[in-house]
Amino acid sequence: MKFIHSGKVKDVYEFDGKNLLFHFTDRVSAYDVRMITDIKGKGEILCKFAEFWFKSLDSKNHMVRLEDKDKMVVKKLRMIPLECVVRGYLYGSLYERYKDGDYEMGLEPNMQIASKLKEPIFDPTTKSNIHDQPISENQILEKKILTDDKLRTVKDTSLRLYKQMSGLANDKGFIMADVKFEFGEDPDSDEIILADSLGPDEFRMWIKDSYKSGEKQESYDKQYLRDWLTKVGFRDNISNAAKSGKKPVPPELPATVVQELLNRYSYVYRKIAKL
Ligand SMILES: Nc1ncnc2c1ncn2[C@@H]1O[C@H](COP(=O)(O)OP(=O)(O)OP(=O)(O)O)[C@@H](O)[C@H]1O
Ligand SMILES: [Mg+2]
């Protein structure tokens, strides 16, 4: 099989003329940097979790079938170069922008970190190899990334899927704070359908019982790794490296951090995807 792309997490192969093979590896990344330590077993969980969402959600998607426990055949699409982020809570990079005075999203002043937004918002970013940048709906139209109609489809579908996923998560005791979707056009029908992957690398899940607005949330997703990296000073290394035009060198993850991460991935998967 022809290898075509290695992302931070997935390896992508040409499966046949119409389809791709996604291999969900055990790699993990944070702050757009690939870690040097693998989380053994993570790929399998992510692959099965993606399968669960594609089967559960009422939206056409690119999944053809599972080929192995960590491999999925998907239909090859013309990808839309956007990360379609939907946020239900003021957190992560939205909170950073908000603190810096960006009220463009129609948020009220004096909101606390992790507070629930009145309505979920569509907050897309560009897809970039270096660092994804927020992009407004107007810019998407001006840059002719999408037509009016297609933008509406992508936005409405993203918001609808967020509601469906967060509703499902809520029933299982989780708050899905935000999520990232990617879409592509089916070359046979020109229809816009859901692509890429859905799992803990694409969303933030918080435990409902321990949720408290105004605080950083204890999370069962990659936020744990981000917090650990911040604690050991890697976040500062990233900004320093960026200033000097160098690549930041990630630290080796200790066995306890690896185990804790795997536990968290597997906990959310079992709680949400298993009966
Ligand atoms: N059905 C599809 N057809 C064609 N390309 C797809 C399809 N689904 C997803 N893709 C693309 O395949 C690639 C998957 O690779 P992966 O997500 O591992 O890496 P990446 O997006 O380059 O980097 P990152 O690690 O930041 O996600 C992405 O570029 C994604 O946009
Ligand atoms: Mg990706």
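Before any of the text, the structure's been laid out above.
Residues numbered from 1 in each chain as written. Chains lettered and ligands numbered in written order. Predicted model: local features only at pLDDT ≥ 70, side-chain atom pairs only at ≥ 80, totals over all residues. Heavy atoms only, no water.

## Notes on the overall build of the protein
So, step 1. Along its length, the protein carries seven helices and 15 strands.
So, step 2. For a compact globule of 275 residues, the expected C-alpha radius of gyration is about 19 Å, and the protein comes in at 18 Å, within 12% of that figure.
So, step 3. Each of the three principal axes of the protein carries a C-alpha extent, and together these read 50 × 45 × 45 Å.
So, step 4. Burial status across the protein gives 50% buried among its 275 residues.
So, step 5. If you take every contact in the protein between residues at least 6 apart in sequence, the share linking residues at least 24 apart comes to 62%.
So, step 6. Total accessible area on the protein stands at roughly 14000 Å², and carbon and sulfur atoms take up 49% of it.
So, step 7. One finds the centroid of the 47 positive side-chain charges in the protein at a distance of 2 Å from the centroid of its 45 negative side-chain charges. (Helix = DSSP H or I, 4+ residues; strand = E, 2+ residues; numbered from the N terminus. Rg over C-alpha atoms; globule rule 2.2 N^0.38 Å. Buried < 20%, exposed > 50% of the residue type's maximum accessible area, 1.4 Å probe, protein only. Contact = heavy atoms within 4.5 Å. Areas by Shrake-Rupley, 256 points an atom, 1.4 Å probe, with all protein chains shown as cover. Lys, Arg positive; Asp, Glu negative; His and termini not counted. Charge placed at Lys NZ, Arg CZ, Asp CG, Glu CD.)

## Examining helix H6 (residues 234-243)
So, step 1. Along H6, the residues that are buried comprise Phe234, Ile238 and Ala241. Across the axial projection of H6, the buried residues extend over an arc of 70°, all falling on one side. Opposite the buried face of H6, at more than 90 degrees from it, the exposed residues are Asp236 and Lys243.
So, step 2. Elements in contact with the buried residues of H6: strand E5 (33-34) and helix H5 (223-231).
So, step 3. Two residues or fewer past H6, Gly245 is found with a positive phi of approximately 70°. (Arc of directions from axis to C-beta.)

## A look at the site of ligand 1
So, step 1. Taken together, the neighbourhood of ligand 1 is formed by 16 residues, with Lys8, Lys10, His62, Lys75 and Glu182 sitting nearest.
So, step 2. One of the side-chain nitrogen or oxygen atoms of Lys10 is found 2.7 Å away from an oxygen atom of ligand 1.
So, step 3. Here an oxygen atom of ligand 1 and a side-chain polar atom of Glu182 are 2.6 Å apart.
So, step 4. For the shell around ligand 1, the secondary-structure elements that each account for two or more residues are strand E2 (10-14) and strand E3 (19-24).
So, step 5. Considering only residue class, the shell around ligand 1 consists of six nonpolar, three polar and seven charged. (Near = heavy atom within 4 Å. Polar contact = N/O pair within 3.5 Å; in protein donor to acceptor, adjacent residues only side chain to side chain. Nonpolar A, V, L, I, M, F, W, Y, C, P; charged D, E, K, R; others polar.)

## Quick notes on the nonpolar core
So, step 1. Formed by 78 residues in total, the largest nonpolar core has its most connected members in Trp53 and Phe181.
So, step 2. Ranked by residues supplied to this core, first place goes to helix H7 (residues 255-273) with nine residues.
So, step 3. Contact partners of Trp53, with chain neighbours within four places excluded, come to Met165, Leu168, Leu198, Phe203, Met205 and Ile272. (Core = buried A, V, L, I, M, F, W, Y, C linked by side-chain atoms within 4.5 Å.)

## A word on the packing of aromatic side chains
So, step 1. Counting across every chain of the model gives 14 aromatic pairs.
So, step 2. Considering the side-chain rings of Phe3 and Tyr13, the 5.5 Å spacing of their centres and the 70° angle between planes classify their relative orientation as edge-to-face. Of this pair, Phe3 sits in strand E1 (residues 2-6) while Tyr13 sits in strand E2, and the two are 10 residues apart along the sequence.
So, step 3. Exposure remark for Phe3: the relative accessible area of 44% places this residue in the partly exposed category.
So, step 4. Exposure remark for Tyr13: the relative accessible area of 22% places this residue in the partly exposed category.
So, step 5. Judged by centre distance (5.4 Å) and plane angle (70°), the ring pair of Tyr89 and Trp206 falls under edge-to-face. Residue Tyr89 is located in strand E9 (residues 82-89), and its partner Trp206 is located in strand E15 (residues 203-207); the two are separated by 117 residues in the primary sequence. In this structure, Tyr89 and Trp206 share a single accessibility class: buried. (Phe/Tyr/Trp six-rings, centres within 6.5 Å; stacked < 30°, edge-to-face > 60°.)

## Some details on the environment of Phe15
So, step 1. In this fold, Phe15 is placed in the loop between E2 and E3.
So, step 2. Ignoring anything within four residues of it in the chain, the contact list for Phe15 reads Met1, Leu20, Leu21, Arg65, Glu67 and Val73.

## Things to note about the packing of helix H1 (residues 42-56) against H7
So, step 1. Running from N to C, H1 and H7 point in directions that differ by 25°, and their axes come no closer than 10 Å. Judged on the interaxial angle alone, H7 and H1 are roughly parallel. Crossing of H1 against H7: the hand is left-handed. Facing H1, whose interface residues are Lys42, Ile45, Leu46, Lys48, Phe49, Phe52 and Trp53, H7 presents Leu262, Tyr265, Ser266, Val268, Tyr269, Ile272 and Ala273. (Axes fitted to C-alpha atoms, helices over the stretch in contact; angles between N-to-C directions. Parallel < 35°, antiparallel > 145°, perpendicular 65-115°, else oblique. Left-handed = near helix turned anticlockwise from the far one by under 90°.)

## So, the packing of H5 against H7
Two quantities define a packed helix pair, namely the angle between the helix axes and the distance between the axes.
So, step 1. H7 packs onto H5 with a crossing angle of 155° between their chain directions and a minimal axis gap of 10 Å. It follows from the interaxial angle that H5 and H7 lie roughly antiparallel. Where H5 abuts H7, its residues Tyr224, Leu225 and Trp228 lie against Val257, Glu260, Leu261 and Arg264.
So, step 2. Residues belonging to the contact of H5 with H7 are distributed by class as follows: five nonpolar, no polar and two charged.

Keep in mind these numbers describe shape, not what the thing actually does.
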